[in-house]
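Letter by letter, the chains look like this.
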Amino acid sequence: MPGSPFLAPAIRLFKRLERKPADPDTSTRKVLCGSCDIACSVVAEVRRGRVTRIRSSDNPLFKDNICIKGVVAPKGFAHPDRILYPMKRVGERGSGQWTRVSWDEAMGEIGERLKRVIAGHGPEAWAVSTSQWNTGTDHGLGRRVMNHVGSPNWISGVALCAGNTAAINRMSYGWYPWPDYDNTRCIVLFGHNPKRDSWVPIHNAIERARARGARLIVLDPRRSEKAELADLWLPLKVGSDAAMCFGWLKVIFDEGLYDRRFVADWTVGFDALRARVDEFPLDRVAQLTGCREEDIARAARMYATQGPSIIPWTPITDQQRNSTSAIRLQTILRAVCGYVDVPGGEALQGFHPSIVPESDIEMHEVLSEAQKAKQLGSDRHPAFTYRGQAALGEPMKRVWGRTYANQVTGCYMANPTATFRAMAGDGPYPVKAFFALGNNTLLSYANMPLILKAMLNQDLIVVQEHMMTPTAQLADFVLPGDAWTERPWLWDAYGWLSVYRPSQQAMEPPGECRSTFEFWKLTAAALDMPEVVPWASLNEFYDWRLAKLGIGFDEFAATYELHAGKREWKKYLTTGFATPSGKVELESSVLRDLGFDPLPYFREDPAPDPDYPLTMFTGVREGEYFQTGGRHIPEMRERKPEPNLFVSAGTAAATQIVDGEWVHVETMLGRVTMQVKVQDSMPDGLVRVPHGWWKPETAQGLVEGLSSALVHADSMLCRDDDDYLDREQGIPHLKGAPCRIVKLTADAP
Ligand SMILES: Nc1nc2c(c(=O)[nH]1)N[C@H]1C(S)=C(S)[C@@H](COP(=O)(O)OP(=O)(O)OC[C@H]3O[C@@H](n4cnc5c(=O)[nH]c(N)nc54)[C@H](O)[C@@H]3O)O[C@H]1N2
Ligand SMILES: Nc1nc2c(c(=O)[nH]1)N[C@H]1C(S)=C(S)[C@@H](COP(=O)(O)OP(=O)(O)OC[C@H]3O[C@@H](n4cnc5c(=O)[nH]c(N)nc54)[C@H](O)[C@@H]3O)O[C@H]1N2
Ligand code: SF4
Ligand SMILES: [Mo]
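Rules of the game
- Residues numbered from 1 in each chain as written.
- Chains lettered and ligands numbered in written order.
- Predicted model: local features only at pLDDT ≥ 70, side-chain atom pairs only at ≥ 80, totals over all residues.
- Heavy atoms only, no water.
- Helix = DSSP H or I, 4+ residues; strand = E, 2+ residues; numbered from the N terminus.
- Rg over C-alpha atoms; globule rule 2.2 N^0.38 Å.
- Buried < 20%, exposed > 50% of the residue type's maximum accessible area, 1.4 Å probe, protein only.
- Contact = heavy atoms within 4.5 Å.
- Near = heavy atom within 4 Å.
- Polar contact = N/O pair within 3.5 Å; in protein donor to acceptor, adjacent residues only side chain to side chain.
- Areas by Shrake-Rupley, 256 points an atom, 1.4 Å probe, with all protein chains shown as cover.
- Nonpolar A, V, L, I, M, F, W, Y, C, P; charged D, E, K, R; others polar.
- Domains from an automatic or database assignment.
- Pairing = 2+ DSSP bridges.
- Axes fitted to C-alpha atoms, helices over the stretch in contact; angles between N-to-C directions.
- Parallel < 35°, antiparallel > 145°, perpendicular 65-115°, else oblique.
- Left-handed = near helix turned anticlockwise from the far one by under 90°.
- Expected span 1.5 Å × (residues − 1).
- 1 Å grid on protein atoms, 1.4 Å probe; cavity = no way out; pocket = protein on both sides within 12 Å on 5 of 7 lines; lining within 4 Å.
- Points joined across faces, edges and corners; volume = space filled by probe spheres on them.
- Core = buried A, V, L, I, M, F, W, Y, C linked by side-chain atoms within 4.5 Å.
- Buried area = accessible area lost by both parts, 1.4 Å probe.
- Phe/Tyr/Trp six-rings, centres within 6.5 Å; stacked < 30°, edge-to-face > 60°.

**Quick look at the overall build of the chain**
Thought 1: The helix and strand inventory of the chain stands at 28 helices and 27 strands.
Thought 2: Relative to the 2.2 N^0.38 estimate, which gives 27 Å for 749 residues, the radius of gyration of the chain is 25 Å and therefore close to what a compact globule would have.
Thought 3: Across its three principal axes, the chain shows a C-alpha extent of roughly 70 × 65 × 60 Å.
Thought 4: In the chain, which comprises 749 residues, the share counted as buried stands at 66%.
Thought 5: Taking as baseline every contact in the chain between residues at least 6 positions apart, the subset at least 24 positions apart corresponds to 76%.

In C-alpha cells:
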C-alpha cells in the first residue's frame, strides 16, 4: 500500500505477536475488541487467568477483522503505570499529588460533594463527558442517573463523530441508515479512509465490494490509501465537501438522473431544493472545491447511474463549519437517487424487536421539560440537543416505537463548547461538577485553553480511566476502569443497526479496576437513589435486557456471534418516514422551526489572513494508536515515537523547513510543537496535524505541561469561535483552518 511507510514493520510485528503458543493450558474466549470503536469479533487466548494472545476470529464472517492495536492491547492493559486503585487528590488541583483511597471512601465523598454542588446550584450544575466508544459498559446508565438527578448536561466525543451525523440524518429521514456493503455497486468516501490498521472491518467490506466489481469514488485533498485505489479520486479543497455535493446534485438534476418516482411520492421540498442547487453551477463548484468541472460531473453520473450506491458515514463531514449542510446534502443525494432503504443502498434498520435498547435504559422521559430546556447550547446550536430533536419525538414513536430513540448516543446531547463556557463561569448558569469517563476531555474537543479554564473552575472532578491522562491529572478523584478483556459486553451497534453481539469476559480485572456499570451503580447509591440502577451485576443487567429472547447472557454469548433483528426493506411503504411530514424532508421542517435555513447552504471560508497563510486539518488516524490513547505501549511507541505533521515538498520549500525538523504550528488560538514529515501525498499549502498527542512518560501536573499535552495536542490549535463553529450543531471546524509554521527558536519548549 503506497503512502504507508509503517506497513511493512507493522506486518512483521503483527506476525510475531500472532505466533501461536502450543500450550494445552490455554483456553479461548470470544471477545469484542474495544481498542477502537468498531468492535471486531476476535478470540482471546487465556492462560492461568491472563489473556496471553488476541487473534482473529475462527468465524468466516469475521475472519481477518483484526489489527495491531487489538493484538497489542493486553500489553497496554498490563502496563506498570495503569491505574489500579482509586486515587484522591491531596495537593492543589493539577499538582500531581495523590493518595490511595478505597472505592467506599471515594464514592462516599464524591456523593457528598456532588450533592453539595446540586444543592447550591441545581442539578444542571453537573456535567458529564464520555465517549460511548471506549467506556463500553455505560449502556446509557450515565444518562439514566443524570436524568433522575435532573441534569441535561451530558456531552461526548460523539458530538464530533457519528453521533451528530445521526441527529442530522434523522431530520431528513427519521433514522440514520447503515450502508449495505455486501450488495452495493458504488462506494463514495468523503475523506473516510479505512485501512488495514484503521476500522479494519470496513476496510475489508470495501475490499470485498471492489473485488466483486463495485466502483470506488474518493473525495480527499490528500492522495490517501483509498484514493490510490479509487476509480475516481477528486482532490477537493479541505472543508469543501458541501459545495461538492451541490455540484453533484446540479448534474443529477440537470441531466435528469434522479429517481422521479421516489422524489414525487416520498419527498417534500424538491422545488425549493432545486432552486437552491441552481445557485451552484459547475464553474462555481469547481472554484469552491478546486476540482475540474468534468471530474465533478463524472463522479455525479457514476454515483447516480452505477448504483445502488452508498455514502458511508465519515467523520470528515462531522467536523466542518458546514457540517449540517454537508450531512444533509449526503442524505439528499441518497434520497433523490432512490438509494434509501433498498438492497445495495442504505438501510434504515430500527430497533431490535426483542432486546432492550440503550434508548430505553436512558429514561429521557423522567427528565422534566424545565430541565431539558436548560440543556447548554440548545439556544444557539440546538441540532443534536433535546430541543433540536423534539419535533421528531412523535414521528419516532409512530415509526420506530419510541419517543426518545437515541442513535449513536448522539441525539439528546448538550453542546460541548457551551458546556465548557458554562464550566468556565461564562454561561447562563454555573456548572461546578464534572465527570469524565473514558474520555480524555482536554484533548478530545476544540479549544483546550477554554477546557483547561473550565476544569480549573470546578468544585469536583471525577475521572475513570486506565492511565493518568492529562485530563485525569486535573481530577479530584481518579478511579480505575476495567478493560474490554476484563468484563462481559453486549454490543448494540450504537443503536445504528438492529444487531447485537456478545463478548465473553476473558480475565478478572487487575487491582480494583471496575466497570462503568459499577461506577454508575455506586454513583446512584451515593446519591441515595440505588433503585435507579437495581441490577446486581453487569451479567444480571444483560440477562434483563435479553429476557424476551428467553435466554441469559452467558448462554447468549455461548450461542451467538451476532443476533440481528429481522431486516425489512422499504418499511416506509407502510409506516412513512419518521419525520414530521412522514416523507424525506429535502427541505427540513425541523430546521425551519428551529429558526435555520431549511435548505442546505454553503458558508465560504472567512477572508484569508496573511499572518496565517497555510491551511490545516487535524486527523488521519495513526495505525498504532486509537485517538489520544496508546502512547504508553512500547511496541507502538517504537514505531511511531513522535507527533509528525505532514506537508508537501512544495510547502516545505516555501516555508524553509526540512523533513525531520521540529517546528511550531500556530493558529490564532495557540501553538503546538511537531516534527515535520514531507509527504508527496499532501497538496501544497495544506498541513496535516495529528490528533491527540501527549507523552505519558513526561512529567505530570499542570505546571509541568500535563505530560506534554500543552506542547503537542491538536486541541491547542482548534478554534471554536463563531466563524469556526457549524451553526446548527455548534461543532468545531477541524477541516481547514488558517495556520502558519514557525521555525523553532531558542525559547522553544
Ligand atoms: N481536537 C480534536 N478533537 C477530536 C477529534 C480530533 O481529531 N481533534 N476527533 C474526534 C473523534 S473522531 C472522536 S471518536 C472523539 C474520541 O474521543 P474519546 O473517546 O474521548 O477519545 P480517546 O482519546 O480514545 O479517549 C478515551 C479515553 O478512555 C480511556 N479508556 C479506554 N478504554 C477504557 C475503558 O474500557 N474504561 C475506561 N474507564 N477508560 C477507557 C483511554 O485511556 C482514553 O484516555 O474525539 C473527537 N474529538
Ligand atoms: N488506527 C486507528 N484507527 C482508527 C482510529 C484511530 O485513532 N486509530 N480512530 C477511529 C475513529 S474514532 C474514527 S472517527 C475513524 C476516522 O478515520 P477516517 O474516517 O479515515 O478519518 P481520518 O483518518 O481522520 O481522515 C481520512 C481522510 O480525510 C481526509 N480529509 C481531511 N480533511 C478533509 C476534508 O475536508 N474533506 C475530505 N473529503 N477529506 C478530508 C484526509 O486527507 C484523510 O485521508 O478512524 C477510526 N479508526
Ligand atoms: S480495528 Fe483493530 S483496534 Fe479496532 S476493534 Fe478491530 S482489532 Fe480492535
Ligand atoms: Mo471518531
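**A word on the site of ligand 2**
Thought 1: Neighbouring residues of ligand 2: 33 residues in total, closest H192, D220, G239, Y625 and Q627.
Thought 2: Contact distances for ligand 2 include 2.7 Å between an oxygen atom and a backbone N or O atom of N193.
Thought 3: Separating a nitrogen atom of ligand 2 from a side-chain N or O atom of S198 is a distance of 3.0 Å.
Thought 4: In isolation ligand 2 exposes 910 Å². Once the protein is present, 99% of that is buried.
Thought 5: Each residue belonging to the shell around ligand 2 can be placed in one class, and the counts come to 14 nonpolar, 10 polar and 9 charged.
Thought 6: Two domains each donate at least three residues to the shell around ligand 2, and these are domain 2 (178–347 + 569–593) and domain 3 (614–743).

**Comments concerning the pairing of strand β6 (residues 126–130)**
Consecutive side chains along a regular strand alternate between the two faces of the sheet.
Thought 1: For β6, the buried fraction is high: 5 of the 5 residues fall into the buried class.
Thought 2: Pairing of β6 with strand β15 (residues 433–437), which is carried by 5 bridges, proceeds in the parallel orientation. The residue bridging T130 from the neighbouring strand is L437, located in β15.
Thought 3: Bridge count between β6 and strand β7 (residues 154–156): 3 bridges; the pairing is parallel. Its bridge partner being in β7, V128 is matched across the sheet by W154.

**Re the packing of helix α19 (residues 416–423) against helix α20 (residues 448–456)**
Thought 1: Where α19 meets α20, the axes come as close as 7 Å, and the angle between the chain directions of the two elements is 45 degrees. Classified by the angle between their axes, α19 and α20 sit oblique to one another. Handedness of the α19/α20 crossing: left-handed. Across the interface between the two elements, T417, F420, R421 and M423 of α19 pack against L450, I451, A454 and M455 of α20.
Thought 2: A per-class count over the contact of α19 with α20 returns 6 nonpolar, 1 polar and 1 charged.

**What about the sheet that holds strand β19 (residues 499–503)?**
Thought 1: Here 3 strands make up an open sheet; going across it, the order is β18-β19-β20 and the pairing antiparallel. The sheet is open, and its two borders are formed by β18 (489–491) and β20 (563–564), each paired with just one other strand.
Thought 2: Of the strand pairs in this sheet, β19 and β20 are connected by 2 bridges, and their pairing is antiparallel. Residue pairing across strands places V499 opposite A564, the latter belonging to β20.

**Points about helix α14 (residues 323–336)**
An α-helix turns once every 3.6 residues. As a result, residues three or four positions apart point the same way.
Thought 1: Here α14 is 14 residues long and its end C-alpha atoms lie 20 Å apart, about the 20 Å a rise of 1.5 Å per residue gives.
Thought 2: Most of α14 sits inside the fold, with 14 of its 14 residues counted as buried.
Thought 3: Following α14 by one or two positions, G338 has its phi on the positive side, about 75 degrees.

**Points about the sheet that holds strand β13 (residues 309–310)**
Thought 1: Taken in spatial order, the 4 strands make up an open sheet running β11-β10-β9-β13, and their pairing is parallel. Looking at the sheet topology across the chains shown, the edges are occupied by β11 (232–234) and β13.
Thought 2: Here strand β9 (residues 186–190) pairs with β13 via 2 bridges, running parallel. If you follow I187 over to β13, its bridge partner there is I310.
Thought 3: Packed onto the sheet, helix α13 (residues 293–305) meets β9, β10 (215–219), β11 and β13 and runs at close to 130 degrees relative to β11.

**Overview of the layout of surface pockets**
Thought 1: Within this model, the largest pocket holds a volume of roughly 840 Å³.
Thought 2: Residue assignment for the lining of the largest pocket shows that the elements contributing at least two residues are β8 (178–179), α7 (200–211) and β19.
Thought 3: With 4 residues, α7 is the single largest residue contributor to the lining of the largest pocket.
Thought 4: Residue composition of the lining of the largest pocket, grouped by class: 20 nonpolar, 5 polar and 7 charged.
Thought 5: There are two domains that each give the lining of the largest pocket at least three residues, and those are domain 1 (87–164 + 350–564) and domain 2 (178–347 + 569–593).
Thought 6: If you add up the space inside the second largest pocket, you get close to 720 Å³.
Thought 7: Along the wall of the second largest pocket there are 34 residues; nearest its centre are K237, V238, D605, T615 and G736.
Thought 8: Of all the secondary structure elements, the ones that give two or more residues to the lining of the second largest pocket are α12 (282–289), β22 (614–618) and β27 (735–743).

**Observations concerning the nonpolar core**
Thought 1: Ranked by internal contacts, the top residues of the largest apolar core, which has 163 residues, are W126 and F435.
Thought 2: Per-element accounting of this core gives the leading share, 7 residues, to helix α3 (residues 103–121).
Thought 3: Once residues within four sequence positions are removed from consideration, F435 is found in contact with I110, L114, W126, A127, V128, S129, L460, V462, F519, W520 and T523.

**Points about the domain arrangement of the chain**
Many authors give the size of an interface as the accessible area that is lost as the parts come together.
Thought 1: Looking at the chain, the domain boundaries give domain 1 (87–164 + 350–564), domain 2 (178–347 + 569–593) and domain 3 (614–743).
Thought 2: With centres defined by C-alpha atoms, the gap from domain 2 to domain 3 works out at 29 Å.
Thought 3: Listed by partner, the interface residues are 18 residues for domain 2 and 24 residues for domain 3.
Thought 4: Here domain 2 packs against domain 3, burying approximately 1800 Å² in sum over the two surfaces, 52% of which is carbon and sulfur.

**Some details on the packing of aromatic side chains**
Thought 1: Scanning the model with the defined rule gives 37 aromatic pairs in all.
Thought 2: Here the aromatic rings of W175 and W400 are separated by 4.8 Å at their centres, their planes lie at 50 degrees, and the arrangement is tilted. Pair noted here: W175 is in the loop between α6 (163–173) and β8 and W400 is in helix α18 (residues 393–400), with a separation of 225 residues, a long-range link.
Thought 3: Residues Y386 and Y412 carry aromatic rings whose centres are separated by 5.7 Å and whose planes lie at 25 degrees to one another, so their mutual orientation is stacked.

**Describing the site of ligand 1**
Thought 1: Residues in close proximity to ligand 1 total 28 residues, the closest being S131, N439, S444, E465 and T628.
Thought 2: Within the side chain of R487, one N or O atom sits 3.1 Å away from an oxygen atom of ligand 1.
Thought 3: Starting from 920 Å² of accessible surface for ligand 1 in isolation, the protein chains cover 95%.
Thought 4: Those elements that place two or more of their residues in the shell around ligand 1 are α4 (132–135) and β16 (460–465).
Thought 5: A class-by-class count of the residues in the shell around ligand 1 yields 8 nonpolar, 15 polar and 5 charged.
Thought 6: Mapping the shell around ligand 1 onto the domain boundaries places at least three of its residues in each of domain 1 (87–164 + 350–564) and domain 3 (614–743).

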